[in-house]
Each structure stands twice: as C-alpha cells, then as structure tokens.
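As a plain string of letters, each chain reads:
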Amino acid sequence: MYTGSRSHIQDIVVKRNSSRKRSRNGMRNHFTPAKEQSSFTSGTCSVGDGHTYTQDMTENKDTELCCSDNEDLFEGYDSIVGDSSFLAELEDVELQMHQHHKDQQTPKSCEDQLSDSILVEDFRDSPLRTLPSSQLAFQQAVMTPQKSPSRGAHSTSTPDLTNLKPAASHAGVNKPAPKARRSMKDHLKKVLIDNASTSNTISKTVQQKEAVMTEEMSVAMQAMESISAEGDLGPFFGLPSRVKDLILRLKGIQDLYDWQKTCLSLDSVQQKRNLIYSLPTSGGKTLVAEILIFKELLCRKKDALLILPYISLVQEKVRGLSSFGIELDFMVEEYAGSKGKFPPVKRRGKNSLYITTIEKGHSLINSLIEMDRLENIGLVVVDELHMLGGGSRGAILEMTLSKILYMSKSTQIIGMSATLGNVRDLQMFLRAENYTNDFRPVELKEYVKLKDSIYEVDPKEEECFRFSRFLEFKYSSGMQKMDPDHIIVLATEVIPQQSCLIFCATKKNCENLAGMICKYLNKEFLKHKEEEKATLLGELKSCGNGSLCPVLQKTVPFGLAYHHSGLTSDERKLVEEAYSSGVLCLLTCTSTLAAGINLPARRVILRSPYIAADFLKRSQYKQMVGRAGRAGIDAMGESILVLQDKDIIMAKNLVSAPVEKCYSNLLHDGGRGLLSLILSLIGLKITTTKEQVRDFMKGTLLSVQEAQVSPERSLWDLTVESIETLRQKALIEASGDVKDETILQITRLGRATFKGSVDLSYCDLLYRDLSKGLEGLLLNSFLHLVYLVTPYDMVHQCKPDWMIYFRQFSNLSAAEQKMATAVGVPESFVARKAAGQSMRKSVDIMVVNRLYLALVLYSLLKETNLWNVSDRFQLTRGFVQSLLSSASAFGSSVLHFTEELEEFWAYKALLLELTRRLTYCVQAELIPLMEVAGVMEHRAKQLYKAGYKTLAHLANADPKILVQTIDNLFKRQANQMIASAKMLIKEKADALQEEVDDLLMLPSDLPSL
Ligand SMILES: Nc1ncnc2c1ncn2[C@@H]1O[C@H](COP(=O)(O)OP(=O)(O)OP(=O)(O)O)[C@@H](O)[C@H]1O
Ligand SMILES: [Mg+2]
C-alpha cells in the first residue's frame, strides 16, 4: 500500500532530521521511564550529551510500507551516520529483532486494540534476514533487560516500528498509556557508559567509537537545528510543534483531550487505515480530523478533502483553516455553492485542502477520477457521517465514498459522527475500524418539563423520568394564557447572564415566541449590553438597505432574536455573531441551528417534541440537546424538553431509545441515486459492463444492507433494471460485445446529464426546454435565460399569488410577454386566474409556476435589493435568497450540460455571464470582496466604504485598524477574514504561475534529430 512512497521519502530527508529538534523540548535522558514520558513527545530517548532524538529514527528503510506517518523520522539519520558504521550494523540487527518481536505480538495486540475492528489487515513487515549467530547472541544480551513485564505491557501492538505513540487502547479508554522502546543504539550506549563507569574492561576501540558517535550526533543535531527553522515535522503527532502553537494561538486550545490523543495514536490512524470515530456532541471531534488533515498535507504531501454537510459550515471552516494554510503553507480551497474549480487547479509546489459540501465533494471526486488524479487525495474526512442516511444527499455521499473505495486504495477515509446507530454497517461499507468514547467536556443534564414540574431524564429508571423540582413562578391569568408552558420562567432562570436556545417546531413559532417572551421581560433586560445591542440593530438595518424586520426591532433591545431560514444570510450571520459574543442571550430557532453551526448554550429548551407536524427522531433530539454546555465557559449544560401529557409515552422512547440506524439511500425516491450512480460509473468509464457494475455495487452501503433495505429485490435485479432504464432514457447504449459481454457506453445526453449533475428526472425536460429556447431566444432581456435556469425542484415550494403575478406580467415588455406566451404562459391565463375565473384551456401549471419564480429572479437581477423583491412578491427574504443561490447553482449545471452538446453551443457565453450575475447578485464592485469565504453583501459594503476595495486591500489590512473601522467586527473574525483573503490571492497567483510554467515548458515530444 505504501511501497510507492520511496521517492517521496527521499524528498523529505531534510524534514525528517528536524524531528529531533522537537524532541529536545523534552530534554529527557534515556533513564526516564517510558511511561513517564508525555505523549506529546512520545518515544524520546537521549544520547550521552543530553540531546534527545526520537527513537523512531532507528527505523529502517525497509519499513516504508507503514512509514507514511514516520517518513520524517529515520532516513535523515541514516544519511548522517552512514550505513557502514558499526552502529548502523547493530541498528539493522535491532530492527530485525524488533520486527521479529512484533511479528510475534501482532495478532494478539491487534486483537486487543481493535476488538471493534472488522478488518484487521496484515501490515507485517518484510521477513527477517538471517543473522550470524554471534550477532544474534550479542543482541539478545543487550535486549534482555527490556523484557520486563511493564515494558511488555506498553509495547506497541502493531508492526509499525516507528510507532512510539501511546498504546491505542480501544473504545472508551481515555488515558493514553505512553510507551517507548529504547533503540539498539541507546542500549548499546547505556551498556558502554555503564561499563565505562564501573570497570575499565571496556576496550579502547569501543570508547573511541562512542566518542565518534557522540561527536557525530552532536554535528547532526546542529544540522537539524538549522534545518528545522525552515518548517519541520516532529513530535506533535508527527507534526511540528509549531502546529501545536498555532492551535493554541488560533483556536485557544492548550492541550488535547485524552481521548483525542488516544484517537490520534491509534494504529489504524498511524497506518492509514479507514476509521470511524463517534463521540457525543461537543466532544471535540473536529480537532482530531484537522490534525490528521495537517499531517496528510505536511508529512505525506498529499491533498486532503473535508466534506461538511452545509455551506455555512464550509465557509466557517475555510475561514478558520485559512490561517493555518497561510502559516503552514498549504492551500485551502472552497467548494460550496457556486465556488470551486473542476478539475481543481494542479498545484506543483503545494498541497491543497478542499473543503466541500456533499454535492461539490462528489463533483470534485468525479473530476479527479476523470483526470486520473484521484490518487493525489491522500485523506478524505467526512463530518456528520450519519448524513449517509439523509435522503438524496445521503445517496450522493454514498456514491462519492464508494467511488473512492473502488478507485483508490491509498486514500484513507475517516468519518465522524455523534449519532450513529449502526456503526458496524458503516464499518463494513468503509472497511473501517471504529473508535468510540462517551467523553463530553461539559456535563449534559437532560430534563423534561411536565405541567409545573421538572423531571430529570434517566433512561435506566423504569419510568425514565425522575422528579427533580417544582417550577417557581407567579403568573397573572393573562400571562398564563399567553405562556401556558412557562417558557418565560425557564428562560429567565438563565438569561441574561447566561445563554439560552429555544428550539421551536416552525419558523412562525420562533418569531411569535421571541416576541411573546419580550412582552413580559423586565425593563432591566434593556440595560444589559445596551450599546452593543443598539449597534446590532443599526447593522441589521443597514444590511436590509434601511429596512429592519419588525420582530427583531422589538426583540433585540431585550437581547433576544429568532434564527431560521427566513432570515437572509447577512442577518443570520449578524445574529450568530451577536449571540456568540454575548450581546444576544437568547435565540429562538428551528432545528437547522442544531447541526448547521456551532452555537452552544448554557440551557437548551425544546419548545415541543415536534418538527413541524412530525415527532422528533432520536438523532434530532440528540443533536439539539447536544448544543447545551459551552466548553470552557459553562461548568455544565442542561436541556429541558417541554411535554404535554399526550406526548409522554413517545417522549420516553425518545430519550431512551438507541439512535436511529442509518440506511443506504441509493434506492430513495424511486432509485434515483442508483440510476445516477450507474450513469456516472459508465460516464467515467469506471465500469463498462454489467458484470463490472455488479462488482462495483458490492462495495456500496446498499450491498451491506441489501437484506434490510431491499428485502424483496436483489441488488443484482435492481442493477439490471436500472441499466435498462438508463438505456430506455437514451442515457447509455450498448456499443458492441467483447468476450460475450456487452460494452456499455454513455450517450451524448447521458454525458451532458452526468457532467452537469442534472437530476435524471429532469434531464429530458431540460433538453426539450433548451431546444425550444433556441427557436426564439429572447436576448434583449434576461428573462428568457433566467427562466431556463430556474430550478425545477423549487417550483413546488412556491404557489403564485395571482394578483402579484398579473401585475408583474403586465409590467413586462411586449417582447417578454411574447416569450412568456411561447414557453406556455399566455397573459389571458394569468389574467383570468387573477380575476378568480377558471380556464378552459389547459396549461402546464409547472411551467406557469416556474415562470413566476423566474419573475422573482428577474426582479432581483434588475435591482439587487432582496428586501424590495421579497416585499413585492410577498415571500420571505430567506426564500428569495435561497431561490437565488439555487438558480446560480442550477445555472452552472445547465452550463456544463450545454457544453457537452454541440447543438447548444450558443448558450455557453450567455450562461457564463448569467451565472456570474446570479452568483453575485450585488453591485459589481463588491464581487471581489464577496469571494472571501463568508463575506456577505453587508460586510462587503462596509469594507468597501471603509476603503478596502479589493482582495489585495483586505489581504494586507491591519487587523487592529479593521476592527476599529468596521462596526461589530471582532479581532478573531478580522484575522480570519484577512487570512482568507490572503489565501485567495495565493490561490490566484499560484494558478497564474502554473499557467506560466505550462506555457514555458519544453514539450517532451518535441521533434529532434
Ligand atoms: N482539547 C480541547 N480543549 C479545549 N477545547 C476543545 C478541545 N477540543 C475541542 N475543543 C472545543 O470544543 C468545542 C466543540 O468541539 P467540536 O466542534 O469539535 O465538537 P464535535 O465533537 O464536532 O461536536 P458536534 O457533534 O456537535 O459537531 C469547540 O469549540 C472546540 O474548539
Ligand atoms: Mg462536529
């Protein structure tokens, strides 16, 4: 698996050397018991002059099959001391003895450590070389003292000779057990020194060799010191200490939790096997993933992919990790919404971290497979792995991971989640090991409220709920009527000093509840952080171009706000930032806040056990209550679920049942996932025959769960049927037989569909619409083009208001009205509808509704004011904004679709410009600033006004001045914004440099004599 890394090892000789400097921090001598050594400097030993070096140096080149983690740790040593020396010879012997020792131990220790593993691969090293018996005897003598029981207990459980990390005990073990094995050289040295001090029988030659060795080591250490200044690799889980310092500086994290250390030291992690780790919410899972990503980028020099479920999370991560990228010299590339290049730009000198949404991650992997570059991705991390069970998005994630598993044996997959009910299925699918721990930095206490009593949740008790206390309150009859569930009492027990989140069933509930609470709040609340709240209101107003949501206007002075998808992303951001900084103390929100962003609270209240009309699922409940307790701020967190009598039985099940299982979604929605998977397999030439498709399917989650997900139809039947459907839809065709097997190939329409990531259920329709469009494309207005990229799947989300429709239709130019009639919406139809009359003529209502959405988008393009447009169409501004971003994403899909079809050549230039306009539906001058992750229109305007007009202005800004000139901007955000801008400039400059290099490169096939 790693044998290909030889040349790679050569490349980083210099870096390896530097690891020794790191271990000097420990300044331990080799008499320090291994178990007393910190896990951060695991495996350090000393030489006589007091210098320490990582024992991993004793590794031999032969171990490269498991060396990826340790590439830095041994070859540099060899290059300094030289193979011909006496010590090097002995080292060889020692290595082989270690190997032998480990080979004997491996099966047992792997079992100990990975009893949860379903796939313990054999990573054994190359066989022992035969040794002269005298040498073996000598070695035996030197090794004997090491075989104490305690050492045995700490010895590594895998054949990874360089692995001196704490014993990776399996699930549930918090404290790592540091261990170290002395190198042969150390033992030899100890013997020599001991001998020298106790008797004079030691030969002069040995003394001289010792002196030479010490001298050599000292020179080596000096060399290493000078080299390490250039950025070395080392003791922080294989990374330079600088990474640890950066984690402190940029994240404020001083030390890793014990479980994090254990997890990072797992053999599966060391040896790049796939891993799933599951811990409760707020357990600190992200940091482990980030350290592994840094290791992949810096030590193994490969690219990494981080898949997150939401665009907001991608933006947050891009902002947070850009600073690391700048400091550690790797690229951070955003793949979310309409951002991201396919295939990604090849970067010669640097490695890239691609941070993607599920959909963009899939497209990225497809493009890398197509370009034969998948092997460049060394690590794929999937956050919230349970998303595999999440409808069509789950299907896309499954396709992505199945393709990686099938196509690249060297890409490691790591998945994390807080809510996994059937981890074994996922382990089978990902061929992964599992690490679980129930660590939570802040204790979470779960309660339910029934009438005026609070009960503690204790699933172990038969009743599940144990009485805790009565609620104390004095309500007037009016108040009792307004707040029958005593939410105000529950909230005011913690606010304004501490924070509170209240999850509500619907968006309307959120707004009503925030308003209702404020009605009864004491005037004292107004005084808390008065100035900051006034600034926030000003900000909200200016991001609405002078308009301010009346609910927020009322609630913000009390420190309250609502948060749901009806807000614009600018407003959401302002509310989130104000809540994080304590300016707001309470948010009423929908369930989207539970998974979307990291906004914990001292107390979490679940207003009812429903989301809309559906009873909560266990995993949703866990995610919501998991927001309680802020690490480093609260000593504990608590959740209170408000119950009515009728919900008690269901609620008992909710708090005690295991989390729901996560099932394959390839068959979701009539098997759309399976169809599009097979189409892309054939499109990418991953498989060309039915048999090969069958082989591929064996590696999917669907195959693991075949019996549960499709008890009546076998996967093979489903596969054959899907292939047939694709043929009938003319997306694939047979191109002849080879050895009795029909070769399948993609058609032009199939390729366009797959390249554009167009949903299979719309591809025919899209083709027809585009063809019809060509017959009379209206080009003196954007309306026709906008109509063509109005997403089909949003049509059912909005019913037209016929009066508004008619008014808007009447305002169209004659040419636009003609075009509307041509696509199937005659004015007479809209007029009659507005007048409440029925129509005899049949029209396609889908087309009518789609044109209505196109009118919304068209208005938006014309005036770029979200608030005016949502007012005009009586839609929430959040909906209008998500319509806009869906249209821009669909626009780029349609663009890729048309690029594959010759007959649509004319669309290319038109759609390119249209998509750009939809993506940045703002004044043109703000576009460069909005390229920075998470900089929304409002912030861009502020920056522009303050004189930061370009990326270069922002990248070179002084954070102190920025904080002073931009309202409501905190130092940390300013730093992150500057780092993201720097990263973008680097990316652009790099891409240009690549282009220059390509241009100037001498063609390898230049004709010569
Ligand atoms: N070793 C640590 N010391 C102190 N704080 C930490 C440590 N590790 C992580 N944290 C902090 O704990 C908080 C929660 O971490 P994180 O977001 O990784 O949780 P999570 O396990 O991913 O939870 P969820 O399942 O809710 O996403 C973050 O603010 C993070 O900075
Ligand atoms: Mg997380």
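Keep in mind that what you see is a predicted model, and the values were worked out from it rather than measured. (Residues numbered from 1 in each chain as written. Chains lettered and ligands numbered in written order. Predicted model: local features only at pLDDT ≥ 70, side-chain atom pairs only at ≥ 80, totals over all residues. Heavy atoms only, no water.)

Undergrad: Requested: an account of the sheet that holds strand β8 (residues 412-417), with residues and values cited.
TA: Across the sheet, seven strands lie side by side as β5-β6-β4-β7-β8-β3-β9; this open sheet has parallel pairing. Only two strands of the sheet have a single partner each, and these edge strands are β5 (331-335) and β9 (433-436). Within this sheet the neighbouring strands show an average axis-to-axis angle of 15°, counted without direction. Taken together, the four bridges between strand β3 (residues 275-278) and β8 define a ladder with parallel strand orientation. Across the sheet, residue S278 finds its bridge partner in β8, namely S417. (Pairing = 2+ DSSP bridges. Helix = DSSP H or I, 4+ residues; strand = E, 2+ residues; numbered from the N terminus. Axes fitted to C-alpha atoms, helices over the stretch in contact; angles between N-to-C directions.)

Undergrad: A description of the site of ligand 1 should follow, citing residues and the corresponding values.
TA: Of all residues adjacent to ligand 1, which total 18 residues, the nearest are D255, S282, K285, T286 and R627. Here G283 contributes a backbone N or O atom positioned 3.1 Å from an oxygen atom of ligand 1. In this structure, an oxygen atom belonging to ligand 1 sits 2.5 Å away from a side-chain N or O atom of T286. Bound to the protein, ligand 1 loses 79% of the 640 Å² it would expose on its own. The leading source of residues in the shell around ligand 1 is helix α12 (residues 285-298), at three residues. (Near = heavy atom within 4 Å. Polar contact = N/O pair within 3.5 Å; in protein donor to acceptor, adjacent residues only side chain to side chain. Areas by Shrake-Rupley, 256 points an atom, 1.4 Å probe, with all protein chains shown as cover.)

Undergrad: Which residues make up the sheet that holds strand β14 (residues 560-563), and what values go with them?
TA: The strands making up a sheet are joined through hydrogen bonds of the backbone, oriented either antiparallel or parallel. Across the sheet, which stays open at both edges, the eight strands sit in the order β12-β11-β10-β19-β16-β13-β15-β14 with mixed pairing between neighbours. Edge positions in the sheet fall to β12 (465-470) and β14, since each of these pairs with one other strand and no more. Here the strands of the sheet are splayed against their neighbours by 25° on average, with no regard to which way each runs. For strand β10 (residues 443-450) and strand β19 (residues 636-643), the ladder comprises eight bridges, and the chain directions are parallel. Considered in β19, the bridge of V448 is made with L641. Seen against the sheet, helix α23 (residues 569-580) touches β13 (500-503), β14 and β15 (586-589) and runs at an angle of roughly 135° to β14. (Contact = heavy atoms within 4.5 Å.)

Undergrad: Before we move on, can you summarise helix α41 (residues 907-919) with the specific residues and values?
TA: Here α41 is 13 residues long and its end C-alpha atoms lie 18 Å apart, about the 18 Å a rise of 1.5 Å per residue gives. Within α41, burial applies to Y907, L911, L914, T915 and L918. With its buried residues spanning 100° around the axis, α41 presents them on a single face. Looking at the buried side of α41, the elements it contacts are α33 (763-775), α34 (783-788), α38 (845-863) and α40 (877-899). (Expected span 1.5 Å × (residues − 1). Buried < 20%, exposed > 50% of the residue type's maximum accessible area, 1.4 Å probe, protein only. Arc of directions from axis to C-beta.)

Undergrad: Lay out the environment of E327 with the relevant residues and their values.
TA: Positionally, E327 belongs in helix α13 (residues 311-328). Expressed as a C-alpha distance, the spacing of E327 and R242, which sit 85 residues apart in the sequence, is 9.3 Å. Apart from residues lying up to four places away in sequence, E327 is in contact with R242, L246 and R249.

Undergrad: Please provide a residue-by-residue account of the confidence of the model for the protein, values included.
TA: As a note on interpretation, predicted positions should not be read in detail where pLDDT is low. For the protein, per-residue confidence averages 79 on the pLDDT scale, and 77% of positions sit at 70 or higher. The model gives residues 1-189 a pLDDT under 50, and that stretch makes 397 contacts with residues more than four places away or in other chains. Taken together, the stretch residues 222-232 has pLDDT below 50 and engages in 14 contacts with residues farther than four places along the chain or on a different chain. (pLDDT = per-residue confidence, 0-100.)

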